[in-house]
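Residue-level listing of the chains:
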Number of protein chains: 2
Amino acid sequence: MAQPSQVLPLQGGKVEVGETQEGNGTRPLLDIRGIDQELVEKIEYDALVWSSLHGLVVGDKSVQRSGKVPGVGMVHAPFALLPMPFPESHWKQACELAPIFNELVDRVSLDAKFLQDSLSRTKKADAFTSRLLDIHSKMVEINKKEDIRLGLLRSDYMVDEQTKLLLQIETNTISCSFPGLGCLVSDLHRSLLNHYGEFLALDSKRVPNNPAASQFVEALAKAWTEYNNPRAVVMLVVQADERNMKTLAEIDAEGELLPDGTLVVGGQAIAVVYFRAGYTPNDYPSESEWRARLLMEQSSAIKCPSISYHLAGTKKIQQELVKPNVLERFVDNKEDIAKLRKCFAGLWSLDDSDIVKDAIERPGLYVMKPQREGGGNNIYGNDVREALMRLQKEGSEADAAYILMQRIFPTVSHTFLMRNGICYKDDTVSELGIYGAYLRNKEKVILNDQCGYLMRTKASSSDEGGVAAGFAVLDSLYLT
Amino acid sequence: MAQPSQVLPLQGGKVEVGETQEGNGTRPLLDIRGIDQELVEKIEYDALVWSSLHGLVVGDKSVQRSGKVPGVGMVHAPFALLPMPFPESHWKQACELAPIFNELVDRVSLDAKFLQDSLSRTKKADAFTSRLLDIHSKMVEINKKEDIRLGLLRSDYMVDEQTKLLLQIETNTISCSFPGLGCLVSDLHRSLLNHYGEFLALDSKRVPNNPAASQFVEALAKAWTEYNNPRAVVMLVVQADERNMKTLAEIDAEGELLPDGTLVVGGQAIAVVYFRAGYTPNDYPSESEWRARLLMEQSSAIKCPSISYHLAGTKKIQQELVKPNVLERFVDNKEDIAKLRKCFAGLWSLDDSDIVKDAIERPGLYVMKPQREGGGNNIYGNDVREALMRLQKEGSEADAAYILMQRIFPTVSHTFLMRNGICYKDDTVSELGIYGAYLRNKEKVILNDQCGYLMRTKASSSDEGGVAAGFAVLDSLYLT
């Protein structure tokens, strides 16, 4: 999952957005170069005013106290000035996949043996995954059941320019970012097209409605209802320096389990635990945070996500699911299996020696991905060759911390990118995320929906690029 | 009218908010001192987050480019943490007065002789009013008629602590400020009371709905419809450093009148001119701005306000209307006259020697107000005595630039004031503004409504006060 910092400028010339892969396609879908400069300036101005009035804002790191005190030091979030053209057929395909992926994650999460077996080698190479698996093992030992299961997920896709296939980048099962700001950009673009669409020959109705934020909140509310304790609350687990919420360390200090399994934090019963932290090793600086995670997992509170959901979202599991005959263990409907397979990119373990050999020969066609979450850690190009050869020489278990993925080359568009009040023009590539909400209480599926989307667009020109090189913005879709 | 800068900190120890008068009443209506500190901090946090998400923001002068480029350097607008208790009977009285004042302004604006005669002495003492009267005279000469008349007005009131009377401070007929941000504070307070009302024994339904912004926009749209030229636009006249709008100097450079009276600016026919500038001498640094004002006045465009409406809002006219038998020239309905008289504070010309004598003896009971608009220019206390004695000695016409008004001593409340992310506690006084919209096409009244309100609260502790001394915040009402 991408964090807010990832839409802010990144250090150096490397371009990374979440799990976005770099590409160098050729055909712009909408050539903005022909748009009259005076018109662009009007749209810019209106877009910036709209941002201020509708909360499309983030903290401005250059302002003191920004990010520590709400309401001070705000600047508009980086955004694309106009929505990104996107084929309607691919949009429909991605939406249809959402409930199938929701169900798949749930089914995988129930198969403790599959999770443990698939991740057994990763466990040795990756300390973070290992700690998560330890908690999972303890839950297996005490035969812990999660009757009520809540997933707020996001599957990310890119369209491969050559094959025109919609290919999945990954499924996020914890702390999916930007349901709030992403919605606002769709509203912004629809508002701009209502005003300027006739001059651009664009129709605001082609920007899909994006109710991600409200539907995520509704799903949390429905989970709370299922928990059926009117005095219990929804707890947000956050990184440090926020208030009215709890950090993992605070939960360790103030949390306890009642004999009936109720989680109580600061004297308050907890119905739902929503994680906006806990997905990266950085969120666990001491044993305190791990104790908190275990405490919550042992409780009857609804975890969003449970440890099993969290593990089901790892890259290793994604890679396992691509193997022949694995999907069939979890999905009954043959059509659904076909739909899933159609969007699977090539994914391989590093113990596949043929693939490793090919990747050393043609490193430009692969991406090497570590288990580590948070983006910016992927390996591209000649670095892939070097990394693979180093791992071969070492001959250790360290290769189990990585997977190999087919490199996707998405369509390149020429785009207006707004950052810090300034408009940049650059070649860009985009990644589409589809949010999904899943809620289940024992045998009853209460929610299984696609709910909104996240479009992220980043400058594709790298070191040699213009001023915009190296940053990503929030975007929306324009269906073509 | 108050300008945005007036909710920002003012220099020195003097406390001035728009036309607010200082007071030193005694009885707090809601004692916030008893509220639990932890609860206050939660409300503060939520209020600041709400501000960021809902556009309750202003430019932060300490950030470079703030105010020049939209979307950068934002900070929450200063606001009161909780709504200000206010008697429901006074609220209803103020709302009932709105259409009566709307109609009164319109009627006064039609009486050219009354405007010229009333302001004849002011003309000699006040250069700005003199220029406005020159334009007015030219319009009388050419027998210019304004068939369609649009007023977006605001009458300001305070409740006198001793007499419990709702007394009018002034009626603003040009560039009434804060319909936008004022609405948001009502929404903020209702949202906070929905969450925390039960802990405070406050009911969010007692905060009146405040549709000022949308109703002003609707009135502009209705005026545009009456103008009946689908290709003509609404033009906003603004101070420098804004875009997508026009300054007076730009209108002088780019504006022209067609033979049929149509105002064309930059090639675009203008249906409605909405002034967010032009009310202060500072807005007319050269003859260019005066030419622009005259050009617009000569045109068939609907001016909000026309020169007559502008003059009808001067303090001198307010003072003339208080004189015996003057209201009767403009208002037919006796009940309406009684309602207006009930809210009139004492107002006198400086040629009333008995009053001037009394004001020199008891200066604390009077406020001396110059014609000059924009607040911060009123004279209080011993300064009143000195100013009056100086004018008497000079024996010139300079006294005609001022009026005397009864000083109102409003109720003092203890209040939480939020500014720049910090909560201050201080004794405060409040001023209620009621917005009105009036639209008429010849004999047909299309709109005559009360539409929302503006509550401004300022620290009443002056030089000797706490940290909060000297700043004002946006507030809403809590009906008691």
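To be clear, the structure that these remarks concern was listed above.
K.L.:
Explain the overall build of chain A to me, please; I cannot follow it from the model alone.
P.N.:
On a plain count of helices and strands, chain A comes out with 14 helices and 19 strands. Put simply, chain A has 480 residues, and 60% of those count as buried. Across chain A, every contact between residues at least 6 apart in sequence was considered, and the portion connecting residues at least 24 apart equals 74%. Accessible surface for chain A amounts to roughly 19,400 Å². Of this, 50% is attributable to carbon and sulfur atoms.

K.L.:
Any chance you could explain the sheet that holds strand β13 (residues 366–370) of chain A here in plain terms?
P.N.:
Backbone hydrogen bonds hold the strands of a sheet together, and the pairing may be parallel or antiparallel. Residues and elements named next belong to chain A. An order of β12-β14-β13 is seen for the three strands of this open sheet, with the pairing classed as antiparallel. One side of each edge strand has no neighbouring strand; the edge strands of this open sheet are β12 (347–349) and β13. Within the sheet, the average angular offset between the axes of one strand and its neighbour, ignoring direction, is 30 degrees. Taken together, the five bridges between β13 and strand β14 (residues 402–406) define a ladder with antiparallel strand orientation. Across the sheet, methionine 368 pairs through a bridge with leucine 404, a residue of β14. Running over the sheet, helix α11 (residues 315–322) touches β12, β13 and β14 and is turned about 105 degrees from β12.

K.L.:
Teacher, can you tell me more about the interface of chain A and chain B here?
P.N.:
Interface size is commonly expressed as the accessible surface area that is lost when the partners come together. Taken together, the contact pairs 29 residues of chain A with 29 residues of chain B. Taken together, the links from chain A to chain B amount to zero salt bridges. Of all the elements in the fold, those that place two or more residues in the side of chain A that touches chain B are α1 (37–54) and β2 (74–76) of chain A. Here the side of chain A that touches chain B gets nine residues from one element, more than from any other, and that element is α1 of chain A.

K.L.:
Would you mind going over the relation of the copies chain A and chain B with me for this structure?
P.N.:
One copy of the chain maps onto the second through a rotation around an axis plus a translation along that axis. Rotating chain A by 180 degrees and translating it 0.0 Å along the rotation axis places it on chain B, where the RMSD comes to 0.0 Å. Here the symmetry operator amounts to a two-fold rotation axis.

K.L.:
I would appreciate a short explanation of the sheet that holds strand β14 (residues 402–406) of chain B in the present structure.
P.N.:
Residues and elements named next belong to chain B. The strand order β12-β14-β13 describes an open sheet built from three strands, whose pairing is antiparallel. With one partner strand each, in any of the chains shown, β12 (347–349) and β13 (366–370) form the two edges of the open sheet. Geometrically, the sheet is characterised by an average inter-axis angle of 30 degrees between neighbouring strands, direction not taken into account. Strands in contact with helix α11 (residues 315–322) are β12, β13 and β14; relative to β12, the strand with the most contacts, it is inclined by about 105 degrees.

K.L.:
So what exactly am I meant to see when it comes to the pattern of salt bridges here?
P.N.:
Side chains that differ in charge, positive against negative, can pair when their charged atoms come close. Per the stated rule, a full pass over the model turns up 59 salt bridges over all chains. Among the ionic contacts, a cluster of salt bridges with common partners joins Arg121, Asp351, Glu397 and Asp399 of chain A.

K.L.:
What is the right way to look at the state of the cysteines in this model?
P.N.:
By definition, a disulfide links two cysteine residues through a covalent bond between their sulfur atoms. Residues and elements named next belong to chain B. Counting across every chain of the model gives zero disulfides over all chains. Of the cysteine sulfurs around cysteine 451, a residue in no disulfide, the closest is that of cysteine 183, at 9.3 Å. By relative accessible area, cysteine 451 is classed as buried at 1%.

K.L.:
What am I meant to see in helix α6 (residues 179–200) of chain A here?
P.N.:
Most pronounced at asparagine 194 of chain A, the bend in α6 of chain A amounts to some 60 degrees. Immediately beyond the C-terminal end of α6 of chain A, within one or two residues, lies alanine 201 of chain A, with a positive phi of roughly 55 degrees.

K.L.:
Looking at this structure, I do not really get the side chain of serine 476 of chain A. What am I missing?
P.N.:
All names here are of chain A. Along the polypeptide, serine 476 turns up in the loop between β18 (472–475) and β19 (477–479). Side chain to side chain, serine 476 and histidine 189 meet in a polar contact 2.7 Å long. Excluding its chain neighbours within four sequence positions, the residues that come into contact with serine 476 are Pro83, Met84, Val185, Ser186, His189, Val207, Tyr453 and Met455.

K.L.:
Can you walk me through the packing of helix α13 (residues 353–361) of chain B against helix α14 (residues 382–394) of chain B in this structure?
P.N.:
Each pair of packed helices gets described by two things: the angle between the helix axes and the distance between those axes. Residue and element names in this part refer to chain B. Two elements in contact, α13 and α14, have axes separated by 8 Å at closest approach and are oriented at 135 degrees. Between α13 and α14, the crossing angle belongs to the class labelled oblique. Between α13 and α14 lies a crossing whose hand is left-handed. Within the contact between the two elements, α13 uses Val356, Ala359, Ile360 and Glu361 and α14 uses Val384, Arg385, Leu388, Met389 and Gln392. Its residues assigned to classes, the contact of α13 with α14 comprises six nonpolar, one polar and two charged.

K.L.:
Explanation requested: the environment of glutamate 41 of chain B in the structure shown.
P.N.:
Its location among the elements puts glutamate 41 of chain B in helix α1 (residues 37–54). Separated by 382 residues in sequence, glutamate 41 of chain B and cysteine 423 of chain B have C-alpha atoms that sit 8.9 Å apart.

K.L.:
Honestly, the packing of aromatic side chains in this entry has me stumped. Any pointers?
P.N.:
Think of a pair of aromatic rings as described by two things: how far the centres are apart, and how the planes are tilted against each other in angle. For the coordinates displayed, the defined rule picks out 16 aromatic pairs over all chains. Relative to tyrosine 435 of chain B, the ring of phenylalanine 216 of chain B has its centre 5.2 Å away and its plane inclined at 80 degrees; by these criteria the two rings are edge-to-face. With phenylalanine 216 of chain B in helix α7 (residues 212–227) and tyrosine 435 of chain B in strand β16 (residues 422–441), the pair connects residues that are 219 residues apart, well separated along the chain. The exposure class of phenylalanine 216 of chain B is buried, given its relative accessible area of 4%. Look at tyrosine 435 of chain B and you get buried, because its relative accessible area is 0%. Pairwise contacts between aromatic rings join Phe128, Tyr284 and Trp290 of chain A into one cluster. Here the basic side chain of arginine 293 of chain A rests over the ring of phenylalanine 275 of chain A, its NZ or CZ set 4.7 Å away from the ring centre.

Basis of the calculations
- Residues numbered from 1 in each chain as written.
- Chains lettered and ligands numbered in written order.
- Predicted model: local features only at pLDDT ≥ 70, side-chain atom pairs only at ≥ 80, totals over all residues.
- Heavy atoms only, no water.
- Helix = DSSP H or I, 4+ residues; strand = E, 2+ residues; numbered from the N terminus.
- Buried < 20%, exposed > 50% of the residue type's maximum accessible area, 1.4 Å probe, protein only.
- Contact = heavy atoms within 4.5 Å.
- Areas by Shrake-Rupley, 256 points an atom, 1.4 Å probe, with all protein chains shown as cover.
- Pairing = 2+ DSSP bridges.
- Axes fitted to C-alpha atoms, helices over the stretch in contact; angles between N-to-C directions.
- Salt bridge = Lys/Arg side-chain N within 4 Å of Asp/Glu carboxyl O.
- Least-squares fit on C-alpha atoms with pLDDT ≥ 70 in both.
- Disulfide = S-S within 2.5 Å.
- Bend = angle between axes of the 7 residues up to and from the residue.
- Polar contact = N/O pair within 3.5 Å; in protein donor to acceptor, adjacent residues only side chain to side chain.
- Parallel < 35°, antiparallel > 145°, perpendicular 65-115°, else oblique.
- Left-handed = near helix turned anticlockwise from the far one by under 90°.
- Nonpolar A, V, L, I, M, F, W, Y, C, P; charged D, E, K, R; others polar.
- Phe/Tyr/Trp six-rings, centres within 6.5 Å; stacked < 30°, edge-to-face > 60°.
- Lys NZ or Arg CZ within 6 Å of the ring centre and 35° of its normal.

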